[in-house]
Amino acid sequence: MAHIRYFAHQHRLTLMKTGSYYLTHILVAAGVAYAVTGDLWAALTLSLLEPSVQAGVYFFHERAWARRGAG
């Protein structure tokens, strides 16, 4: 548990940005999916699945850029 706290503390800003990006992405994805499908359940499913994967990718993308800038 201490490792998780340390990790969260060390990467606090990146985790906060990831969360903000995740929520924004869900709203945009839901709107687009609903506009395309006209089906609320399909829109909700797509808007939760795709941004969830993207949030993980974004976190590691940010970490890679941070390492590049520091190195």
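Residues numbered from 1 in each chain as written. Predicted model: local features only at pLDDT ≥ 70, side-chain atom pairs only at ≥ 80, totals over all residues. Heavy atoms only, no water.

In the annotation of an unreviewed UniProt entry, the entry for the chain reads DUF2061 domain-containing protein, and the organism field reads Malikia spinosa.

Q: Please set out the environment of Ser47 residue by residue, giving values where relevant.
A: For Ser47, the location among the structural elements is in helix α3 (residues 40-70). Separated by 36 residues in the primary sequence, Ser47 and His11 place their C-alpha atoms 26 Å from one another. Once residues lying within four places of it in the same chain are set aside, the contact partners of Ser47 are Ile26, Ala29 and Ala30. (Helix = DSSP H or I, 4+ residues; strand = E, 2+ residues; numbered from the N terminus. Contact = heavy atoms within 4.5 Å.)

Q: Describe in detail the packing of aromatic side chains, supporting the description with residues and values.
A: Considering all chains together, one arrives at three aromatic pairs under this definition. Relative to Tyr58, the ring of Tyr21 lies with its centre 4.6 Å away and its plane at 15°, an arrangement referred to as stacked. Of this pair, Tyr21 sits in helix α2 (residues 12-37) while Tyr58 sits in helix α3; the two residues are 37 residues apart in sequence, bridging distant segments of the chain. Under the relative-accessibility criterion, Tyr21 is labelled partly exposed at 33%. (Phe/Tyr/Trp six-rings, centres within 6.5 Å; stacked < 30°, edge-to-face > 60°. Buried < 20%, exposed > 50% of the residue type's maximum accessible area, 1.4 Å probe, protein only.)

Q: Before we move on, could you go through the domain arrangement of the chain and cite the residues and values that matter?
A: Domains assigned within the chain are domain 1 (1-38) and domain 2 (39-70). For domain 1 and domain 2, the distance between their C-alpha centroids amounts to 7 Å. Between domain 1 and domain 2 lies a buried interface of about 1,400 Å² when both sides are counted; carbon and sulfur atoms form 72% of it. The three residues of domain 1 that bury the most area against domain 2 are Thr14, Tyr21 and Tyr22, which together make up 29% of that side's buried surface. At the junction of domain 1 with domain 2, the criterion picks out one salt bridge. The partner of Glu62 in a salt bridge is Lys17, with the nearest N and O atoms 3.1 Å apart. Applying the counting rule to domain 1 against domain 2 returns five residue pairs in polar contact (both at pLDDT 80 or more). Partitioned by chemical class, the residues of the side of domain 1 that touches domain 2 number nine nonpolar, six polar and one charged. (Domains from an automatic or database assignment. Buried area = accessible area lost by both parts, 1.4 Å probe. Salt bridge = Lys/Arg side-chain N within 4 Å of Asp/Glu carboxyl O. Polar contact = N/O pair within 3.5 Å; in protein donor to acceptor, adjacent residues only side chain to side chain. Nonpolar A, V, L, I, M, F, W, Y, C, P; charged D, E, K, R; others polar.)

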